[in-house]
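What the coordinates show
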Amino acid sequence: MTLLAEIWTRAYPVLVVSAFTLSLMTAIELLFPREPQSLRQRLIGLGIWACYVPVTILSAKFFGNLWLALGIRPIMRLQPSFDWAGIAALMLSPIAFALAYDFFFYWFHRAQHAWLWRFHAVHHSIRELNTINAYHHITEPILQAVFLLLPVSLIVGDIGPTIPSMLILLHLQASFIHSSARINFGPLRIFLCDNKFHRIHHSLDERHFDKNFGAFTTIWDRLFGTAWFPARDEWPDTGLADIDQPQSIRQWIDLPARFGRRRSDARAASSLVH
């Protein structure tokens, strides 16, 4: 098998799932809109995703091969069986995996706000937040591979037929929490993140800063004191006050540099005033 064919074999499921989740959640947004969303920004978002997905696939391939070359193996491996206990495990393992994944994601996300903010600011700069406009900086797949996928890979290994369901579950949830649709989880928000809960995390309101880091469950935010449960009509504006969302692929890539320069200029101006 050629390298190109191997990459395509690995990429095809990701592309199918990504296309399915983006299309489904965008359709729901259009059917149940909460606020107007411009076609131009959606097209910019699609262009960014067209660049982002291949980087994600290549990054996963590179680090996956690296783990194998280094002999890194999972501490715990789930083996499916066909008795009642095995069937129950197959049904519950996607949820168990999502909870474990979200635990590591929660702390990785907090680290991004503390030490990697310049890059993570790309995600928070988005003012027309929706399913398509929920992209990260191009460095995100590499950071996730090192600080998120590696610890997750040490906990759980191959669990056979549950992998597709986990992939779809996580992609759907990631799309849903950024959705601008009127649909949400309501009372189930006490356990599960939805678009209203995660909207707080992207809020321009300073009261909401560094709240609601989880992506799948609200458990970790409640446990570690970062939960903010939105009021019934609470739907804040999103974005960053000091920089605009990307208007092109180039601005998407160089936003961390521009953001860093702007903050440096602001500090320099402040020191001159004082």
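Residues numbered from 1 in each chain as written. Predicted model: local features only at pLDDT ≥ 70, side-chain atom pairs only at ≥ 80, totals over all residues. Heavy atoms only, no water.

1. A closer look at the overall build of the chain
Defined as follows: Only DSSP runs of H or I with at least four residues qualify as helices, and only runs of E with at least two residues qualify as strands; both kinds are numbered from the N terminus onward. Relative accessibility decides the category of a residue: with a 1.4 Å probe and only protein chains considered, values under 20% of the type maximum give buried, values over 50% give exposed, and everything between is partly exposed. Accessibility throughout is a Shrake-Rupley quantity obtained with a 1.4 Å probe, and a residue counts as covered only by protein chains that appear here.
Scanning the chain from terminus to terminus reveals nine helices and zero strands. Each helix and strand of the chain, ordered N terminal to C terminal, gives the series α-α-α-α-α-α-α-α-α. Out of the 274 residues belonging to the chain, those deemed buried represent 41%. As displayed, the chain has an accessible area near 14,700 Å², and 70% of this comes from carbon and sulfur atoms.

2. Re the packing of aromatic side chains
Under the convention used in this document: When two rings of Phe, Tyr or Trp (its six-membered ring) have centres within 6.5 Å they constitute a pair, described as stacked for plane angles under 30 degrees, edge-to-face for angles over 60, and tilted for the intermediate range. Look at NZ for Lys and CZ for Arg. If either is within 6 Å of the ring centre and within 35 degrees of the ring normal, a charge sits over the ring.
For the structure shown, the criterion picks out 11 aromatic pairs. Ring geometry for Trp49 against Tyr52: centres 5.5 Å apart, planes inclined by 85°, an arrangement best described as edge-to-face. Of the two residues, Trp49 and Tyr52 are both situated in helix α2 (residues 39-70); the distance of three residues between them amounts to about one turn of the helix. On the accessibility criterion, Tyr52 (9% relative accessible area) is buried. Centre to centre, the rings of Tyr106 and Phe213 are 5.9 Å apart; their planes meet at 80°, and the pair counts as edge-to-face. Of the two residues, Tyr106 is situated in helix α3 (residues 84-115) and Phe213 in the loop between α7 (195-201) and α8 (219-223); the sequence distance between them amounts to 107 residues. Residue Tyr106 shares its accessibility class with Phe213, and that shared class is buried. Among the aromatic residues, ring-to-ring pairing joins Tyr106, Trp107, Phe213 and Phe224 into one connected group. Between the NZ or CZ atom of Arg34 and the centre of the ring of Trp235, over which it lies, the distance is 4.2 Å.

3. Here we look at the side chain of Gln173
How we decide: In this description, contact between two residues means that some pair of their heavy atoms is separated by no more than 4.5 Å.
In this fold, Gln173 is placed in helix α6 (residues 162-176). Under the relative-accessibility criterion, Gln173 is labelled buried at 10%. Filtering out sequence-adjacent residues up to four positions away, Gln173 remains in contact with Phe185, Cys193, Ala215 and Phe216.

4. Side note on the environment of Pro33
Here Pro33 lies in the loop between α1 (3-31) and α2. For the pair formed by Pro33 and Arg182, sequence separation is 149 residues and the distance between their alpha carbons is 6.0 Å.

5. With respect to the nonpolar core
Our working rule: Nonpolar cores are built from buried Ala, Val, Leu, Ile, Met, Phe, Trp, Tyr and Cys residues. Side-chain atoms within 4.5 Å join them into one set.
Among the nonpolar cores identified, the biggest contains 19 residues, and Trp49, Tyr135, Leu240, Trp252 and Phe259 are the most heavily contacted of them. For this core, the secondary-structure elements that each account for two or more residues are α2, α4 (117-124) and α9 (249-273). At six residues, the largest contribution of residues to this core is made by α2. Setting aside chain neighbours within four positions, we find Tyr135 in contact with Gly45, Ile48, Trp49, Val122, His123, Ile126, Pro246 and Trp252. Among the nonpolar cores identified, the runner-up in size contains 14 residues, and Phe108, Leu148, Phe197 and Ala215 belong to it.

6. Quick look at the confidence of the model for the chain
Going by this rule: As a per-residue measure, pLDDT reflects the predictor's confidence and takes values from 0 up to 100.
The predicted model of the chain has a mean per-residue pLDDT of 83, with 78% of residues at 70 or higher. No element of the chain has a lower mean pLDDT than α9, at 69, and none a higher one than α7, at 98.

7. Concerning the pattern of salt bridges
For clarity, the threshold we go by: By convention in these notes, a salt bridge is any Lys or Arg side-chain nitrogen within 4 Å of a carboxyl oxygen on Asp or Glu.
Applying the stated criterion across every chain, the model contains seven salt bridges. Arg207 serves as the salt-bridge partner of Asp205, at 3.0 Å between the closest nitrogen and oxygen. The exposure class of Asp205 is partly exposed, given its relative accessible area of 29%. Classification of Arg207 by relative accessible area gives partly exposed; the value is 49%. Ionic contacts of the salt-bridge type, sharing partners, join the residues Asp205, Arg207 and Glu234 into one network.

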